Amino acid sequence: MIKDEIKNNLENQIRDWIVKNPKRIYFTIDKKDIKTVAKFLHRDKKMRLSTITGADNEINFELLYHFGLDATGEIFSVRVFLEKDKPEIDSLVEIFRASDWVEREIHEMLGINFVGHHQLKHLLLDDDWPKDDFPLRKSRKNG
Amino acid sequence: MAERKIVPIGPYHPLQEEPEFFKLIVEGEHVVELEIDIGYNHRGIEKLAEEKHWDQITFLVERICGICSNSHPFAYCLAGEDLLGIEVPERANYIRMIIDELQRLHSHLLWLGLAGHFIGYNTIWMWAWKAREPVLDLFELISGNRQNYAMLKIGGVRRDIKEEAYPVIRKTIKNLYPTLKMFQKAIQDDPVIQTRTRGVGILKKEDGISFGAVGPTARASGIDIDVRRDDRYARYDTLSWSVITRNEGDIHAKLLVRVLEMIESCSIIEQCLDRIPKGEIETEVRDIPQGEGIGRVEAPRGECFHYIRSDGTNRPVRHKIRAPSFVNVATNLVTVPGYTISDAALTLAAVDPCYCCTERSAAFTLTGEKILKGEDLIRLSIEKTEKIKKIYGNDKK
Amino acid sequence: MGIKEKILTKSLWVFHASVGSCNNCDIEILDCLTPRFDVERLGIQLVGSIRHADVILVTGAMNKKALKRFKKVCGQAPKPCFIVAVGICPCSMHMFKGSYSMQSPLDEIMPVDLYIPGCPPRPEAIIAGLAKLINKVNK
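Residues numbered from 1 in each chain as written. Chains lettered and ligands numbered in written order. Predicted model: local features only at pLDDT ≥ 70, side-chain atom pairs only at ≥ 80, totals over all residues.

S.K.: Would you mind going over the overall build of chain C in detail, with residue names and values included?
M.R.: The helix and strand tally for chain C stands at five helices and five strands. In chain C, the succession of α and β elements from N to C terminus is α-β-α-β-β-α-β-α-β-α. Computed over its C-alpha atoms, the radius of gyration of chain C comes to 14 Å, within 12% of the 14 Å expected for a compact globule of 139 residues. Seen through its principal axes, chain C has C-alpha atoms that stretch 40 × 30 × 25 Å. Expressed as a percentage of its 139 residues, the buried residues of chain C come to 47%. (Helix = DSSP H or I, 4+ residues; strand = E, 2+ residues; numbered from the N terminus. Rg over C-alpha atoms; globule rule 2.2 N^0.38 Å. Buried ≥ 20, exposed ≤ 12 C-beta atoms within 10 Å, placed from the backbone.)

See the structure below:
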């Protein structure tokens, strides 16, 4: 079973493991382990990074890396929490290019810094968009 | 070594329906590098969704993209149902499948026409869009609107397909088969289309996996994925149909995958009409409790992904949308360089880009560099086809 | 109306600019050109370059990033040139009102000659709109 394999191999990294239903699994890891986990899921288990969800929880930031396993239709969502004052995490661009644009998007929308990304510039917003204005933060009103 | 020049395409350019900006860096006639600048269509839908009621969001996400205006609500509703842990009635599942497959037909025909236009074969454009009109008529018959069908809601569908509509749908689908077969034959036999598309804009399998490409773009490169089969939403697992894959990865393969998929879609619709049961069309949903849910569907362009999180109020706290074009457009970064400028127009269009999805959310002055005008690019593409036509014309004599 | 405008109405050449649309209006505009509606028989043609345009069809709610480019493009249009707002988005912003990346309705940015509301307007509505434009100019 793929779930057991992941559990056994990432024993030291996984903090909590929630099976919402047989096809939707969520687990939390520390932010320093993201590269190890992503390498394992993508290279060994042949999973595809569907997308990354970034959310502002007001007390901290949360990133959900959704990995899809196409052979079985399962989605493994890897949850990472980042502290509010200095949100930073390793970029995954060197592992797969699927994370290139989505990291740029999260960077401009939430102001999270992806360390090691080769060109962390605006993707959707204009170049002269104010530097400290992050639209998806909860403290920012729309408009 | 030839001098490096820049060819800008866009943001307003005859090649594109939508505004986006490509910077082709060329040496002579060969493209060596591509830069993509998007965001001219960004509407901030993810933030808007946080201000709207759960029911209003189906209409909001419908307007992410006009071409796949059923896929986004579908994925959103599946996410909502995943959060609630409910099943929708059987009849609703079948209605959802019928609408989704009709939408695939209309979207692929639309793309086929535009691809024909880019090669300089306006006949294909006219023929494909003529064949698309009866499909739009079906939408009007079922939902009352040619685009934006507003058929879905969390828990089921908003309106039923009346029994009187069945024979009309059957007849339209039956009439579509010969047209689709004709397109398939044209793509496989026409020497000009062959020369323009074979071996051009190849997306290698390993690049496709690295970029996380989805849908026909991935399937044309030998990546065997289809959410309809893999995730088994609705009732696709009970029907008999096949996932079309090709290994070449070039534009020809992408053309063929889409045309063959349309034939599969027709068969799916016919099977749905045979099996659709009578009964309820929705499960009542009173409120959305705290929790999170993921929904994904196979849109015409590939996997469409929605993630929602609720805190128990009547609005989501986070709604993440990942449209298929978001990953597919990025593959242009590797498929366009290495070919000539006249192929660039076609290659850029071959992923069936949809920028309004990607972003949802030739007025450039560069001093000291010679700039080709916007319309020159289509002219180059058309000229190349004319040249090839002449060669084949002479052969016949 | 001056003689220049009257000459334009013999054969309208339209340029289509999307400034933040959802594609629906754009495909309905293209649909007008295809066999069922075939506006070319009425002398209406879609042109590739704004320098040839008599009419600019604007679709979508104005996006802040697109605004600068759009103004630049409009500056290159030959005068006189009519501006037509196609769809409800350029008319009133629709449901995108109040978004951080949206500017304002089109008529707050530049004078609009004709509104064609609808989400999306049917091809018939677009053709009827252009016919009204011609009548208005000829009066």
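S.K.: Describe the environment of Phe61(A), with residues and values.
M.R.: Mapped onto the elements, Phe61(A) comes out in strand 4 (residues 60-69). Spatially, the C-alpha atoms of Phe61(A) and Glu103(A) are 14 Å apart, while their sequence positions differ by 42 residues.

S.K.: An account of the interface of chain C and chain B is requested, with residue identities and associated values reported.
M.R.: The interface is formed by 33 residues belonging to chain C together with 34 residues belonging to chain B. Looking at the side of chain C that touches chain B, the elements with two or more residues in it are strand 1 (13-18), helix 2 (24-31) and helix 3 (64-75) of chain C. Here the side of chain C that touches chain B gets five residues from one element, more than from any other, and that element is helix 3 of chain C. Residue composition of the side of chain C that touches chain B, grouped by class: 14 nonpolar, twelve polar and seven charged. (Contact = placed C-beta atoms within 7 Å. Nonpolar A, V, L, I, M, F, W, Y, C, P; charged D, E, K, R; others polar.)

S.K.: Talk me through the interface of chain C and chain A; I want residue IDs and the actual numbers.
M.R.: It is common to give the size of an interface as the accessible area that goes away when the parts come together. Taken together, the five residues of chain C in the interface contact five residues of chain A. Class assignment for the residues of the side of chain C that touches chain A results in one nonpolar, two polar and two charged.

S.K.: Break down the sheet that holds strand 1 (residues 4-9) of chain B for me, with residues and values.
M.R.: All names here are of chain B. In space, the three strands of this open sheet follow the order 1-2-3, with antiparallel pairing throughout. Only two strands of the sheet have a single neighbouring strand rather than two, namely strand 1 and strand 3 (30-37). Shown here is a sheet whose adjacent strand axes are inclined to one another by a mean of 20 degrees, direction ignored. Across seven bridges, strand 2 (residues 21-27) lies against strand 3 in antiparallel orientation. Across the sheet, the residue bridging to Glu27 is His30, located in strand 3. In the packing of helix 14 (residues 341-350) onto the sheet, contacts are made with strand 1, strand 2 and strand 3, and the angle to strand 2 comes to roughly 150 degrees. (Pairing = 2+ DSSP bridges. Axes fitted to C-alpha atoms, helices over the stretch in contact; angles between N-to-C directions.)

S.K.: Any chance you could break down the sheet that holds strand 2 (residues 24-28) of chain A for me, citing the residues and the numbers?
M.R.: Residues and elements named next belong to chain A. What the five strands build is an open sheet, ordered 1-2-5-4-3; its pairing is mixed. Each edge of the sheet is formed by a strand with only one pairing partner; in this case those strands are strand 1 (17-21) and strand 3 (48-56). Here the average twist between neighbouring strands, direction ignored, is 20 degrees. Pairing of strand 4 with strand 5 (residues 74-83) involves ten bridges; the strand directions are antiparallel.

S.K.: Which residues make up the packing of helix 4 (residues 90-119) of chain B against helix 5 (residues 122-143) of chain B, and what values do they have?
M.R.: Residue and element names in this part refer to chain B. Where helix 4 contacts helix 5, the axes come no closer than 7 Å and their chain directions differ by 165 degrees. The pairing of helix 4 with helix 5 is recorded here as roughly antiparallel in orientation. Between helix 4 and helix 5 lies a crossing of left-handed hand. Touching Leu102, Leu105, His106, Leu109, Leu110, Leu112, Gly113, Leu114, Gly116 and His117 of helix 4 are Asn122, Ile124, Trp125, Ala128, Trp129, Ala131, Arg132, Val135, Leu136, Leu138 and Phe139, all from helix 5. Among the residues making up the contact of helix 4 with helix 5, the classes are represented as 15 nonpolar, five polar and one charged. (Parallel < 35°, antiparallel > 145°, perpendicular 65-115°, else oblique. Left-handed = near helix turned anticlockwise from the far one by under 90°.)

S.K.: Tell me about helix 6 (residues 165-189) of chain B, residues and numbers included.
M.R.: Think of an α-helix as 3.6 residues a turn; residues three or four steps apart then line up on the same face. Residue and element names in this part refer to chain B. End to end, helix 6 covers 37 Å across 25 residues, agreeing with the expected 36 Å (1.5 Å per residue, within 8%). In the structure, helix 6 departs most strongly from a straight axis at Tyr177, where the bend amounts to approximately 25 degrees and where the proline Pro178 lies between one and four residues downstream. Every buried residue of helix 6 is accounted for by Ile169, Ile173, Leu176, Leu180, Phe183 and Ile187. Turning to helix 6, the residues buried within the fold contact helix 4, helix 5, helix 7 (191-197) and helix 11 (251-275). (Expected span 1.5 Å × (residues − 1). Bend = angle between axes of the 7 residues up to and from the residue.)

S.K.: Summarise the environment of Pro73(B); cite the residues concerned and give the values.
M.R.: Residues and elements named next belong to chain B. Structurally, Pro73 can be placed in helix 3 (residues 71-84). Taking the C-alpha atoms as reference points, Pro73 and Tyr40, 33 residues apart in sequence, are found 23 Å from one another. Once residues within four sequence positions are removed from consideration, Pro73 is found in contact with Thr58, Val61, Glu62 and Leu152.

S.K.: Quick one: what's the story with the nonpolar core, residue by residue and with numbers?
M.R.: Residues Ile98(B), Val259(B), Ile56(C), Val58(C), Val84(C) and Val86(C) are the most contacted members of the largest nonpolar core, which totals 192 residues. For this core, the leading source of residues is helix 4 of chain B, giving 16 residues. Formed jointly, this core draws a minimum of three residues from each of two domains, domain 1 (4-41 + 327-396) and domain 2 (45-325) of chain B. If we ignore the near neighbours within four places in the chain, the residues touching Val84(C) are Val55(C), Ile56(C), Leu57(C), Val58(C), Asp113(C), Leu114(C), Ile116(C), Gly129(C) and Leu133(C). (Core = buried A, V, L, I, M, F, W, Y, C linked by C-beta atoms within 7 Å. Domains from an automatic or database assignment.)

S.K.: Outline the packing of helix 6 of chain B against helix 11 of chain B, supporting the account with residue identities and numerical values.
M.R.: All names here are of chain B. At their nearest, the axes of helix 6 and helix 11 sit 10 Å apart, and the two run at 160 degrees to each other. The orientation of helix 6 with respect to helix 11, classified from their angle, is roughly antiparallel. Once helix 6 is placed against helix 11, the crossing between them reads as left-handed. Only Leu255, Leu256, Val259, Leu260, Met262, Ile263, Cys266, Ile269, Glu270 and Leu273 of helix 11 make contact with helix 6, whose side of the interface consists of Tyr166, Ile169, Arg170, Ile173, Leu176, Tyr177, Leu180, Phe183, Gln184 and Ile187. Here the contact of helix 6 with helix 11 is composed, by residue class, of 17 nonpolar, one polar and two charged.

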